[in-house]
Amino acid sequence: AFGVQNKVKVMDIPKGTSIIAKEFSPGKTTPTQRKTVNQFTTETTKPSLRVGNPTAPDLDNGELNDAQTQKLLEEKLQALILQTKADAEKLRELLKSDIEDGKIDIEANQRMITVRIREKGSFPSGSAELNAEFMPVMETLRDALRDIDGKISVEGHTDDVPISSARFKSNWGLSASRALSVTHELTKANVLDSNRFMIVGHADTQPFKPNESWQNRAMNRRVEIIITP
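These lines cover the structure that appears in this document, whether it is placed above or below. (Residues numbered from 1 in each chain as written. Predicted model: local features only at pLDDT ≥ 70, side-chain atom pairs only at ≥ 80, totals over all residues. Heavy atoms only, no water.)

### A few points about the overall build of the protein chain
A count of helices and strands for the protein chain gives five helices and seven strands. Burial status across the protein chain gives 34% buried among its 229 residues. Contacts in the protein chain between residues at least 24 apart in sequence constitute 61% of all its contacts with a sequence separation of at least 6. Split by element, the accessible area of the protein chain, about 14500 Å² in all, is 53% carbon and sulfur. (Helix = DSSP H or I, 4+ residues; strand = E, 2+ residues; numbered from the N terminus. Buried < 20%, exposed > 50% of the residue type's maximum accessible area, 1.4 Å probe, protein only. Contact = heavy atoms within 4.5 Å. Areas by Shrake-Rupley, 256 points an atom, 1.4 Å probe, with all protein chains shown as cover.)

### A few points about the nonpolar core
Leu91, Ile117, Val154, Val182, Leu186, Ile225 and Ile227 are the most contacted members of the largest nonpolar core, which has 27 residues in total. When residues of this core are assigned to their parent elements, the largest contribution, five residues, is made by helix α3 (residues 135-145). (Core = buried A, V, L, I, M, F, W, Y, C linked by side-chain atoms within 4.5 Å.)

### Comments concerning the sheet that holds strand β4 (residues 112-118)
The mixed open sheet is built from five strands, whose spatial order is β3-β4-β7-β5-β6. Of all the strands in the sheet, the pair left with one neighbour each is β3 (104-109) and β6 (197-201). Taking each pair of neighbouring strands and ignoring which way they run, the sheet shows an average axis angle of 15 degrees. Sheet topology places β4 next to strand β7 (residues 222-228); six bridges connect them, and they run antiparallel. Within β7, the residue paired with Ile113 across the bridge is Ile227. (Pairing = 2+ DSSP bridges. Axes fitted to C-alpha atoms, helices over the stretch in contact; angles between N-to-C directions.)

### Let's talk about the packing of aromatic side chains
Evaluated as defined, the whole model comprises zero aromatic pairs. The ring of Phe208 is capped by Arg118, whose NZ or CZ atom sits 5.0 Å from the centre of that ring. (Phe/Tyr/Trp six-rings, centres within 6.5 Å; stacked < 30°, edge-to-face > 60°. Lys NZ or Arg CZ within 6 Å of the ring centre and 35° of its normal.)

### Thoughts on the packing of helix α1 (residues 66-94) against α3
Here α1 crosses α3 at 150 degrees, and the two axes come no closer than 11 Å. In this view, α1 runs roughly antiparallel relative to α3, as classed from their interaxial angle. Viewed along their axes, α1 and α3 form a crossing whose handedness is right-handed. Touching Lys90, Leu91 and Leu94 of α1 are Thr140, Leu141 and Ala144, all from α3. (Parallel < 35°, antiparallel > 145°, perpendicular 65-115°, else oblique. Left-handed = near helix turned anticlockwise from the far one by under 90°.)

### A word on the environment of Ser164
Turning to its location among the elements, Ser164 is positioned in the loop between β5 (151-157) and α4 (171-186). Given the relative accessible area of 66%, Ser164 is considered exposed. For the pair Ser164 and Gly126, spaced 38 residues apart in the sequence, the C-alpha separation amounts to 9.4 Å.

### Some words on the side chain of Asp159
Relative to the helices and strands, Asp159 resides in the loop between β5 and α4. Overall, the relative accessible area of 7% leaves Asp159 in the buried class. For Asp159, the side chain forms a polar contact with the main-chain nitrogen of Val161, separated by 3.1 Å. At 2.6 Å, the side chain of Asp159 forms a polar contact with the side chain of Arg221. Residues contacting Asp159, with those up to four places away along its chain left out, are Asn171, Asp204, Asn211, Arg217, Asn220 and Arg221. (Polar contact = N/O pair within 3.5 Å; in protein donor to acceptor, adjacent residues only side chain to side chain.)

### Re the pairing of β5
Burial analysis of β5 places six of its seven residues in the buried class, the great majority of the element. For β5 and β7, the ladder comprises seven bridges, and the chain directions are antiparallel. For Ser153, the partnering residue across the bridge sits in β7 and is Ile226. Pairing of β5 with β6, which is carried by five bridges, proceeds in the parallel orientation. For Ile152, the partnering residue across the bridge sits in β6 and is Phe197.

See the structure below:
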């Protein structure tokens, strides 16, 4: 697990690429406290000997030090976060009327976008069948997600009121079936790659608000589409 130092019995002169560099190092002469020669390949006959710390970056060959790498990573992350915010803003603009009607919410958190579909206007009470009037919203979402990269997790949630019907034995079944219905609409006509999707049913285990009033319970009955690049 920690790596193996392969020791090879040398039958002839080590094949260093520079006879001037000390210890037959191929051009790297950084001083080291330990007189070690490391084999940097599994091909034991290749000229790949190096002196010193095998994990040290080779600045002469254009490699970066830790501070430079950290700075580049931070700059890249900030650029990605800005792109996520831009994608979320695009979704808000496309679904502006539905957001104002309280049918959906859209949030951006670092590199994750959450499209929260409320039960209001989307599903009849206790049903996993999408309302016909909600289909234009799904079509808009489907077209918009073509331009947003990443995995898509469709997650169903319910309130804490138990359900037991001919179709659903518990809130687990209802939450998973609602997530499945949304996924079927998003993957219709092969506009979106089905390999991007994951379906999750949470039942009442992850409430959005405490189940202390009918208003809060209504907010907890939802399906969340989570896009994670």
